[in-house]
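# Examination of the molecular architecture
What follows is the residue order along each chain.
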Amino acid sequence: MADVPPEVLELNVGGVHYATTRDTLLREPDSLPAAALEDSEYPRDARGRIFFDRDGVLFRYVLDYLRDGGLVLPECFREHKRLAREARHYRLPGLENAVREADPRPPNRERGCITVGYRGSFAFGRDGLADVKFRKLSRILVCGKVTLCRDVFGETLNESRDPDHGLADRYTSRFFLKHSFIEQAFDMLQEQGFKLTASCGSGTAGGAAELKPGVDSEENRWNHYNEFVFVRE
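Structural notes, computed from the coordinates. Keep in mind it's a predicted model, so treat the numbers as computed, not measured. (Residues numbered from 1 in each chain as written. Predicted model: local features only at pLDDT ≥ 70, side-chain atom pairs only at ≥ 80, totals over all residues. Heavy atoms only, no water.)

### Observations regarding the packing of helix α4 (residues 80–89) against helix α5 (residues 93–102)
Defined as follows: Where helices are involved, their axes are fitted lines through C-alpha atoms of the stretch in contact, as for all axes, and angles between N-to-C directions lie from 0 to 180°. Secondary structure elements are taken from DSSP: a helix is a run of H or I of four residues or more, a strand is a run of E of two residues or more, and numbering for both begins at the N terminus. Roughly parallel covers angles under 35 degrees, roughly antiparallel covers those over 145, roughly perpendicular covers 65 to 115, and oblique covers all other angles. Residue contacts are defined here by distance: any two heavy atoms, one from each residue, within 4.5 Å place the two residues in contact. Throughout this entry, Asp, Glu, Lys and Arg are counted as charged residues, while Ala, Val, Leu, Ile, Met, Phe, Trp, Tyr, Cys and Pro are counted as nonpolar. The remaining residues, Gly among them, count as polar.
In contact at an axis separation of 8 Å, α4 and α5 are set at 170° when each is read in the N-to-C sense. By the angle between their directions, the pair α4 and α5 is classed as roughly antiparallel. Touching His-80, Leu-83, Ala-84, Ala-87 and Arg-88 of α4 are Leu-95, Glu-96, Val-99, Arg-100 and Ala-102, all from α5. Along the lines of polarity and charge, the residues of the contact of α4 with α5 split into six nonpolar, one polar and three charged.

Here's what the structure looks like:
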């Protein structure tokens, strides 16, 4: 005799409709979905679907957990706290723990903003524009809260121009990095959970003033300053 197909059920979660099976909802016997299925008095919508007055979009991860017994989140997922709250509401401690473990942000990590700026130019060869060699950075500047800057850049942060005054919540605009690789600074910020939120740049036209020794006149025409604002929520 062929197996009887599982009963298909429809759910209404905050106006978003889902279809699943009875076995899926009963997979966690102590969960709210299992209790709602067994309770004939639990709220239903006009079409008789079990109604959960919760976030309809996040419920897809709740349902996936009930189906597969595991949690898989998109790489760009950023609503770990909200999903953990939903898991707690649905009485799914396994899902709640899985969400907390998947959260790349430490629970007590400090929020804040760091601004990175640099002055640079392009180094030219003897043939001028036809022989551009490389981008040349004179210095990478770091502005922000002292504790945040130290947390991100560690030993690569040069504090010689701004000695520590002993204030934990102090801000500064006088730090700079010991290296001149802007991409390395970006990588370090990304690894610590910072996201680029704004940037701006400006160019300077070379004037008639006497140049410093070793500065090429053509190179001086292409001086520029760029600034990038990173935020960690």
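### With respect to helix α3 (residues 59–68)
Keep this limit in mind: Each residue gets one of three labels from its accessible area relative to the maximum for its type: buried under 20%, exposed over 50%, partly exposed in between, using a 1.4 Å probe on protein chains only.
Buried residues of α3: Phe-59, Tyr-61, Val-62, Leu-63, Tyr-65 and Leu-66, and no others. Residues of α3 that are buried in the fold lie against β1 (8–13), β2 (16–21), α1 (22–25), α2 (32–38), α4 and α5. Within two residues after α3, Gly-69 carries a phi angle of roughly 75°, on the positive side.

### Concerning unusual backbone geometry
One non-glycine residue with positive phi stands out, namely Arg-91, at about 55°. Classification of Arg-91 as partly exposed rests on a relative accessible area of 41%.

### Some points on helix α7 (residues 182–191)
Defined as follows: In this description, the arc belongs to the directions extending from the helix axis to the C-beta atoms.
Ile-182, Ala-185, Met-188 and Leu-189 are the residues of α7 that are buried. The buried side chains of α7 occupy one side of the element, clustering within an arc of 120° when seen end-on. Exposed side of α7, more than 90 degrees from the buried face: Gln-190 and Glu-191 are the residues found there. Backbone geometry just downstream of α7 places Gly-193 in the positive-phi region, at approximately 85°.

### Section: the nonpolar core
What counts, and what does not: For this analysis, a nonpolar core means a set of buried residues of the types Ala, Val, Leu, Ile, Met, Phe, Trp, Tyr and Cys, connected via side-chain atoms within 4.5 Å.
Among the nonpolar cores identified, the biggest contains 27 residues, and Phe-52, Phe-59, Leu-83 and Tyr-90 are the most heavily contacted of them. Broken down by secondary-structure element, the contributors of at least two residues to this core are β1, α2, β3 (50–52), α3, α4 and α5. At six residues, the largest contribution of residues to this core is made by α3. With near-sequence residues (within four places) excluded, Leu-83 lies in contact with Leu-58, Tyr-61, Val-62, Leu-71, Leu-73, Phe-77 and Val-99. The next biggest cluster of nonpolar side chains, apart from the first, holds 21 residues, and it includes Leu-157, Ile-182, Met-188 and Phe-194.

So, to be careful, I would describe these as geometric facts and stop short of saying anything about function.
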